[in-house]
Amino acid sequence: RSCGLSRMSSPWGFTATRALTAGLGSASRLAEHLSGLGVQRPLIVTDRGVLAAGILDGAAESLRRSQVAFEVYDETVADPPADQVHAAAGQARAMRADGVVGFGGGSSMDIAKLVALLASPGCTQPLDDMFGVGNVRAARLPLVQVPTTAGTGSEVTPIAIITTAPGTKQGVVSPQLLPDLAVLDGELTASLPPHVAAATGIDAMVHAIEAYTSHRLKNPLSDLLAREALSLLGANIAAVCAAGEGQPAGAEARGAMLLGSCYAGLAFANAPVAAVHALAYPLGSTFHVPHGLSNSLMLPHVLDFNARSEQATSLYAELAPIVCSRQLGECAASAAVAAGSRGAAAGGKAKKSPLPCAARLI
């Protein structure tokens, strides 16, 4: 693609999580993963829903078998407040944790990132001083992230978002937040209710769309990952949403959603998200709307606004065949009929539509 080739002549960089392991049952080898990092006293950050559903059971059993002395912080809520970060960090310090595991959705993984910093021996930097981009001075404890939803991509991003006041969210963005290991296990998403699978899946798709059309730091590698993410997510989201809690989607579809979410996370970690997220954050923190749902509410309006730009329209048109090939075929057929009618009326000279139909399909 010409846009990617033109960027090859300009300097660009790409950062990522140090290591990734994927496959069914990979979370049940958590003790093995932690041993490779020299961790023997991890704090696991999760939420009560994950515990009640038994999603942590396999990983916890592997730690017990290996006689790993772990503790669990399970007070995580959506849009977590700073108080939860401090509470989890206090528990980590009290148990003298030598590593942190985020096990859950984006909220649990975001808290885990900050706990790994705040509970690190010798850390004197307060959380308030970390907010912003590149403000972290502290080293962190070893960090492993295990997502139980296919959406946030937090397992591969250097970002943690915290609610600091009613209606207000702040972020910490720093390379230190990139985990040592991300574990993608499709078994962990088998019990996701359809509405959660839908919201988190759309969140991941928004990450890919905004990374691909980002005005800042867009690069050939982030473009490649964004396109592949949309391909995986678009092909499998209907299957995982149609499945019921007692009848989960197939392992292949669940694994594809996790991988697509991960690819999208890698893309937007390097080519940042934009207006959809900027508008979704206050919507979520003010009305306590799940992040994926708030993104889905904002997406069509931002796309419509951006489509007034010829550059944005061109990029949206490149993405459209990936996620809506059937609709694109119908659109092309309609456009051909319309063009023929216009051509006949104008003496055989058909005119091109100024706005590609493909951009409208996203």
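Provided above is the structure to which this section pertains.
These numbers come from a predicted model, not from an experiment.

Draft legend 1. Layout of the sheet that holds strand β6 (residues 143-147). Overall, parallel pairing links the six strands, which are arranged β1-β9-β6-β4-β2-β3 in an open sheet. Since the sheet does not close on itself, it has two edges, and those belong to β1 (20-22) and β3 (71-73), each with one partner. Between one strand axis and the next, the sheet turns by 20 degrees as a mean value, whatever way the strands run. The strands touched by helix α5 (residues 82-94) within the sheet are β2 (42-45) and β3, with β3 carrying the most contacts at an inclination of about 170 degrees.

Draft legend 2. Looking closely at the nonpolar core. Counting residues in hydrophobic clusters, the biggest one holds 41 residues, and the most contacted among them are Ala208, Ile209, Leu230, Leu233, Met257 and Val276. Breaking this core down by element, the ones donating at least two residues are β7 (159-165), β9 (181-184), α7 (194-212), α8 (220-242), α9 (251-270), α10 (275-287), α11 (291-306) and α12 (310-323).

Draft legend 3. Focus on the packing of α7 against α11. Put simply, α7 and α11 touch, their axes get as near as 8 Å, and they point 45 degrees apart. On the basis of the axis angle, α7 is oblique to α11. Two packed elements cross with a definite hand, and for α7 against α11 that hand is left-handed. Of the residues in α11, those in contact with Ala199, Ile202, Asp203, Val206 and Ile209 of α7 are His291, Gly292, Leu293, Asn295, Ser296, Leu299 and Leu303.

Draft legend 4. Quick look at α12. With 14 residues, α12 should reach 20 Å at 1.5 Å per residue; the first-to-last C-alpha distance of 20 Å fits that figure. Considered for burial, the residues of α12 that qualify are Ala312, Thr313, Leu315, Tyr316, Leu319 and Ala320.

Here is what the cut-offs are and how they apply
Residues numbered from 1 in each chain as written. Predicted model: local features only at pLDDT ≥ 70, side-chain atom pairs only at ≥ 80, totals over all residues. Heavy atoms only, no water. Pairing = 2+ DSSP bridges. Helix = DSSP H or I, 4+ residues; strand = E, 2+ residues; numbered from the N terminus. Axes fitted to C-alpha atoms, helices over the stretch in contact; angles between N-to-C directions. Contact = heavy atoms within 4.5 Å. Core = buried A, V, L, I, M, F, W, Y, C linked by side-chain atoms within 4.5 Å. Buried < 20%, exposed > 50% of the residue type's maximum accessible area, 1.4 Å probe, protein only. Parallel < 35°, antiparallel > 145°, perpendicular 65-115°, else oblique. Left-handed = near helix turned anticlockwise from the far one by under 90°. Expected span 1.5 Å × (residues − 1).

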